[in-house]
Amino acid sequence: MLAKRIIPCLDVKDGITVKGVNFVNFRDAGDPVELGASYSRMGADELVYLDIVASHEGRKTFTELVRRVAAHLSIPFTVGGGIHELSDVERLLNAGADKVSVNSAALRRPELIDEIARHFGSQVCVVAIDANQEQDDWICYLNGGRIATEKRLFEWAEEAEARGAGEILFTSMTHDGVKDGYANDALATLAERLHIPVIASGGAGKIAHFHDAFAVGKADAALAASVFHFGEIDIRRLKRELLSRGINVRIEDDSERLPD
């Protein structure tokens, strides 16, 4: 069985890591390069960097930041925001990113997924889906949760997989920043209907929420932001606790020697 992954997410706005609640009310969480390097040392499996206003403001992801991040990391990282065409993907990969995340651009032009998979491989293409639970359905949103679409979560995820996506990063807007747990029912449905890894996002508040995302939601990875950024959960202790509860996670040897 593949190890479950713990992935800190760094939402970047104007070069600063920020975190909000339900996609609004952002507060400063620190320098994205320093935070990323710290998470790498703590045992994070991967990182995700999202320029959360790039699509909304029509800007490109800040390539220089990606270069700085790559110079300080020893773990894979994904970059998203403002990716509209293959040249954007090539620029970010050349700057040091391991994967790219596409969201709004893929919703507007799904063929972008096919193009990325064909030119760079499915392993490079993460399709991020921001969805809000509305009247017993999950509606997909554009531009960082600002614009509702006609796409539905499960059908869109299946289409993305068919087009060549290597992973689905599902963020529940309903649960984002609330810290009441992940959208485990929706995650379990995605896991049942897809054949590619599903990353859970939105709702982490305590260690039990990560356990439930894996045990109940059947997620392959769990992504979180504020609980890591503001020191509420230590990644090393999180992994040790998950392992004690029967969740297969990767732990560095020296993690076991940390004092309680």
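This text goes with the structure placed above it.
From a predicted model like this one, the values you see are computed outputs, not experimental measurements. (Residues numbered from 1 in each chain as written. Predicted model: local features only at pLDDT ≥ 70, side-chain atom pairs only at ≥ 80, totals over all residues. Heavy atoms only, no water.)

Is there a simple way to think about the pairing of strand β5 (residues 77–80) in this case?
Every other side chain in a regular strand lies on the same face of the sheet, so the side chains alternate between the two faces. Neither face of β5 is left uncovered, since the one carrying F77 and V79 and the one carrying T78 and G80 both have all their residues buried. Two elements, strand β4 (residues 47–51) and β5, share four bridges in a ladder whose sense is parallel. Counted as the bridge partner of L47 is F77 from β5. Each parallel crossover has a hand, and for β5 linked through helix α4 (residues 86–95) to strand β6 (residues 99–102) it is right-handed. (Buried < 20%, exposed > 50% of the residue type's maximum accessible area, 1.4 Å probe, protein only. Helix = DSSP H or I, 4+ residues; strand = E, 2+ residues; numbered from the N terminus. Pairing = 2+ DSSP bridges. Right-handed = clockwise from strand over helix to strand, strands pointing away.)

Can you walk me through the packing of helix α7 (residues 153–163) against helix α8 (residues 184–193) in this structure?
Describing two packed helices takes the angle between their axes plus the distance from one axis to the other. At a minimum axis distance of 10 Å, the contact between α7 and α8 shows a crossing angle of 35°. Helix-helix and strand crossings are classified by hand; for α7 and α8 the assignment is right-handed. Counting all contacts with α7, which are made through L153, F154, E155, A157, E158 and E161, the residues of α8 involved are A186, T189, L190 and R193. Across the contact of α7 with α8, the residue classes tally to five nonpolar, one polar and four charged. (Axes fitted to C-alpha atoms, helices over the stretch in contact; angles between N-to-C directions. Left-handed = near helix turned anticlockwise from the far one by under 90°. Contact = heavy atoms within 4.5 Å. Nonpolar A, V, L, I, M, F, W, Y, C, P; charged D, E, K, R; others polar.)

Looking at this model, I keep getting lost on helix α3 (residues 63–72). Mind explaining?
Residues spaced three or four apart along an α-helix point in a common direction, a consequence of the helix completing one turn every 3.6 residues. Buried residues of α3: T63, L65, V66 and V69, and no others. Seen from one end, α3 has its buried residues packed into an arc of 155°, which puts them on one side. Packing partners of the buried residues in α3 comprise β1 (5–13), α1 (32–42), β4, β5 and α4. (Arc of directions from axis to C-beta.)

Help me understand the pattern of salt bridges, please; the structure alone is not making it clear to me.
Pairing between side chains becomes possible if they bear opposite charge and their charged atoms approach one another. As enumerated under the stated definition, the model contains 20 salt bridges in all. Close ionic contact of E64 with R67 constitutes a salt bridge, the shortest N to O distance being 3.5 Å. You can see E64 and its partner R67 sitting in helix α3, three residues apart, about one turn around the helix. For R67, a relative accessible area of 44% translates into the label partly exposed. For R245, the salt bridge identified is with E241, shortest N-O distance 2.9 Å. Residue R245 is classed as partly exposed on the basis of its relative accessible area, which comes to 39%. Linked by salt bridges that have partners in common, R5, E46, K99 and E167 make up one network. (Salt bridge = Lys/Arg side-chain N within 4 Å of Asp/Glu carboxyl O.)

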